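Listed below, chain by chain, are the residues.
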Amino acid sequence: MRKKIVAGNWKMNQTPQEAKALCNLLKDKVNTTEVDVVFCVPFVDLYPVLEALQGTNIAVGAENMHFAESGAYTGEISGAMLKEMGVQYVILGHSERREYFGETNESVNQKTKKALEYGLIPIVCCGETLAQREANITIEWVRMQIKCALAGIDAEDAKKIVIAYEPIWAIGTGKTATSAQAQEVCAAIRQVLTEMYGQAVAEQMRIQYGGSVNAKNAAELFAMADIDGGLVGGASLKEEFADIVQYK
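Residues numbered from 1 in each chain as written. Predicted model: local features only at pLDDT ≥ 70, side-chain atom pairs only at ≥ 80, totals over all residues. Heavy atoms only, no water.

Draft legend 1. View of the overall build of the chain. Secondary structure assignment for the chain yields twelve helices and eight strands. Taken against the 2.2 N^0.38 rule, which gives 18 Å for 248 residues, the C-alpha radius of gyration of the chain at 17 Å falls within 12% of a compact globule. Across its three principal directions, the C-alpha atoms of the chain cover 45 × 45 × 35 Å. With 248 residues in all, the chain has 52% of them scored as buried. Accessible surface computed for the chain: about 11,100 Å², of which carbon and sulfur atoms make up 51%. The centroid of the 24 positive side-chain charges in the chain is displaced by 2 Å from the centroid of its 31 negative side-chain charges. (Helix = DSSP H or I, 4+ residues; strand = E, 2+ residues; numbered from the N terminus. Rg over C-alpha atoms; globule rule 2.2 N^0.38 Å. Buried < 20%, exposed > 50% of the residue type's maximum accessible area, 1.4 Å probe, protein only. Areas by Shrake-Rupley, 256 points an atom, 1.4 Å probe, with all protein chains shown as cover. Lys, Arg positive; Asp, Glu negative; His and termini not counted. Charge placed at Lys NZ, Arg CZ, Asp CG, Glu CD.)

Draft legend 2. Representation of the environment of Ile5 in the model. Along the chain, Ile5 falls in strand S1 (residues 5-9). Owing to a relative accessible area of 0%, Ile5 belongs among the buried residues under this scheme. Apart from the residues lying within four places of it in its own chain, the contact partners of Ile5 are Val35, Asp36, Val38, Tyr89, Val162, Arg206, Gln208, Asp228, Gly229 and Gly230. (Contact = heavy atoms within 4.5 Å.)

Draft legend 3. Up close: the side chain of Lys27. Secondary-structure assignment places Lys27 in helix H1 (residues 16-30). No salt bridge is formed by the buried Lys27; its nearest oppositely charged neighbour, Asp28, is found at 5.9 Å. Among the polar contacts made by the side chain of Lys27, one reaches the main-chain carbonyl oxygen of Ala52 at a distance of 3.0 Å. For Lys27, the residues in contact, after removing those within four places along its chain, are Ala52, Leu53, Thr56 and Ile58. (Salt bridge = Lys/Arg side-chain N within 4 Å of Asp/Glu carboxyl O. Polar contact = N/O pair within 3.5 Å; in protein donor to acceptor, adjacent residues only side chain to side chain.)

Draft legend 4. Representation of the packing of helix H7 (residues 138-149) against helix H9 (residues 179-197) within the structure. At their nearest, the axes of H7 and H9 sit 10 Å apart, and the two run at 45 degrees to each other. On the basis of their axis angle, the class for H7 and H9 is oblique. For the crossing formed where H7 meets H9, the hand is right-handed. Between H7 and H9, the contacting residues are Thr138, Ile139, Val142, Arg143, Ile146 and Lys147 on the first element and Glu184, Val185, Ala188, Ile189, Gln191, Val192, Leu193, Glu195 and Met196 on the second. Among the residues making up the contact of H7 with H9, the classes are represented as nine nonpolar, two polar and four charged. (Axes fitted to C-alpha atoms, helices over the stretch in contact; angles between N-to-C directions. Parallel < 35°, antiparallel > 145°, perpendicular 65-115°, else oblique. Left-handed = near helix turned anticlockwise from the far one by under 90°. Nonpolar A, V, L, I, M, F, W, Y, C, P; charged D, E, K, R; others polar.)

Draft legend 5. A look at the nonpolar core. Counting residues in hydrophobic clusters, the biggest one holds 68 residues, and the most contacted among them are Phe39, Ile163, Ile189 and Leu193. With seven residues, the top contributor of residues to this core is H9. Setting aside chain neighbours within four positions, we find Phe39 in contact with Gly8, Trp10, Cys23, Leu26, Val30, Leu53, Ile58, Ala59, Val60, Gly61 and Phe241. Residues Ala7, Ala59, Ile91 and Cys125 belong to the second largest nonpolar core, which totals twelve residues. (Core = buried A, V, L, I, M, F, W, Y, C linked by side-chain atoms within 4.5 Å.)

Structure follows, in structure tokens:
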């Protein structure tokens, strides 16, 4: 059975001091071995969060990284930098990165490969806009994103990757895909993973749902056959995150 994974995506929130305070508020409430819990935080918060979570089962992730080893990429962070700090996960291809910062399927693929090279666990995001859903091309669009993001990655590495399905129309809007809608797309993702890597590998890979996940809808969403937890935005900054981790 796949172990559930609940990751908080703090986005551009929390100063280092605020990050410490939030960790101290949440860590005892979400420190569990039953679910993999990850705090994905801004770069300036990585050190204080890693320090605050020492001795717990909570992992720390970054919200982005560059695919280059090093070089003239002002403002960017490399996989080597993250690895040396003790970071374990990295979110790649989030829709906000795609929309605001020009992230492409090609760059997501490059970053995913580089993250794996450094032993980081990529949380690879995919999802459709409202216009794409209304045009009834959600499945085709998401399948394409997965194929592009994982192109050239072998089965052994693929097993390490977490996929996060986030319908863009549900991110930060208060709207949530119904459990049936989320399950339909996550099942389609597992199907394309099966086509790429075979059933045994696809059954091992974890698929999260993201998009206005909260304490009221988490249990129903996480109960779906192909949903293995959540990528949580705003609610990860509140005590409510503990209830999501505990599905209550």
